[in-house]
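# What the coordinates show
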Amino acid sequence: MGWLWAIIVGFVLGLIAKAIIPGKQHSPLWLTTIGGILGAIVGNAVARGFGVEETPGIDWSRHIFQVVAAVIIVGLIDALYMQVRGNKRQRA
């Protein structure tokens, strides 16, 4: 069940990141989900680094770190995807 939750959370974080990033993103949904999963992992690590282990109730600070990390990672993934996709179109 842990992997299923990771995919669901990654999917949601990826979609939130795509909604926050200005402009149109061209990366496919599966790549956005992977970026969201990585954003959740990186966001948790950064939150731990700032001393946010566990809080009572909803852990808003951890979620903010996860969303910020997902926005950065999804943005980088989209830029790399477009660069590779653009290079393939130029060769054809």
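Per an unreviewed UniProt entry, the chain is named GlsB/YeaQ/YmgE family stress response membrane protein, and its organism is Streptomyces composti. UniProt lists a comment for the chain under the heading Subcellular location (unreviewed entry), and it reads "Cell membrane". Per its UniProt entry, the chain bears the Sequence similarities (unreviewed entry) comment "Belongs to the UPF0410 family."

With that settled, the discussion passes to the UniProt feature "transmembrane region" (unreviewed entry) in the chain. Within the UniProt annotation, "transmembrane region" (unreviewed entry) is assigned to residues 29-51 and 63-84. Span residues 29-51 is 91% helix and 0% strand, its end C-alpha atoms 33 Å apart. From the first C-alpha to the last, residues 63-84 spans 31 Å; its make-up is 100% helix and 0% strand.

On the surface, a cluster of nonpolar side chains totalling about 850 Å² of accessible area is made up of Leu 4, Trp 5, Ile 8, Val 9, Phe 11, Val 12, Leu 15, Ile 16, Ile 20 and Leu 29. The biggest single contributor to the nonpolar patch is helix H1 (residues 2-20), with 9 residues. Structurally, Phe 11 is set in helix H1.

As a further point, take the confidence of the model for the chain. Taken over all residues, the pLDDT of the chain has a mean of 88, while the share at 70 or more is 92%. Across the chain, element-level confidence peaks in helix H2 (residues 29-49) with a mean pLDDT of 93 and bottoms out in helix H3 (residues 60-91) with 87.

Bringing the packing of aromatic side chains into the picture now. Per the stated rule, a full pass over the model turns up 1 aromatic pair. Relative to Phe 65, the ring of Phe 50 has its centre 5.2 Å away and its plane inclined at 15°; by these criteria the two rings are stacked. Here Phe 50, found in the loop between H2 and H3, pairs with Phe 65, found in helix H3; they are 15 residues apart in sequence, far enough to count as distant. Assessed through its relative accessible area of 62%, Phe 50 is described here as exposed. What makes Phe 65 partly exposed here is its relative accessible area of 24%.

Within the element layout of this structure, Gly 39 appears in helix H2. Overall, the relative accessible area of 0% leaves Gly 39 in the buried class. Each C-alpha atom of the pair Gly 39 and Ala 17 lies 9.4 Å from the other, and the pair is 22 residues apart in sequence. Beyond its immediate chain neighbours, meaning those up to four positions away, Gly 39 contacts Gln 66, Ala 69, Ala 70 and Ile 73.

Glancing now at the pattern of salt bridges. In this structure the tally under the stated criterion is 1 salt bridge. Salt-bridge contacts for Asp 59 lead to Arg 62; the nearest nitrogen and oxygen are separated by 2.9 Å. Take Asp 59 and Arg 62: they sit in the same class, and that class is buried.

Rules and cut-offs
Residues numbered from 1 in each chain as written. Predicted model: local features only at pLDDT ≥ 70, side-chain atom pairs only at ≥ 80, totals over all residues. Heavy atoms only, no water. UniProt positions renumbered as here; feature names shortened; annotations may be inferred. Helix = DSSP H or I, 4+ residues; strand = E, 2+ residues; numbered from the N terminus. Patch = residues over 30% accessible without salt bridge, like charges linked within 9 Å, V, L, I, M, F, W, Y side chains within 5 Å. Areas by Shrake-Rupley, 256 points an atom, 1.4 Å probe, with all protein chains shown as cover. Salt bridge = Lys/Arg side-chain N within 4 Å of Asp/Glu carboxyl O. pLDDT = per-residue confidence, 0-100. Phe/Tyr/Trp six-rings, centres within 6.5 Å; stacked < 30°, edge-to-face > 60°. Buried < 20%, exposed > 50% of the residue type's maximum accessible area, 1.4 Å probe, protein only. Contact = heavy atoms within 4.5 Å.

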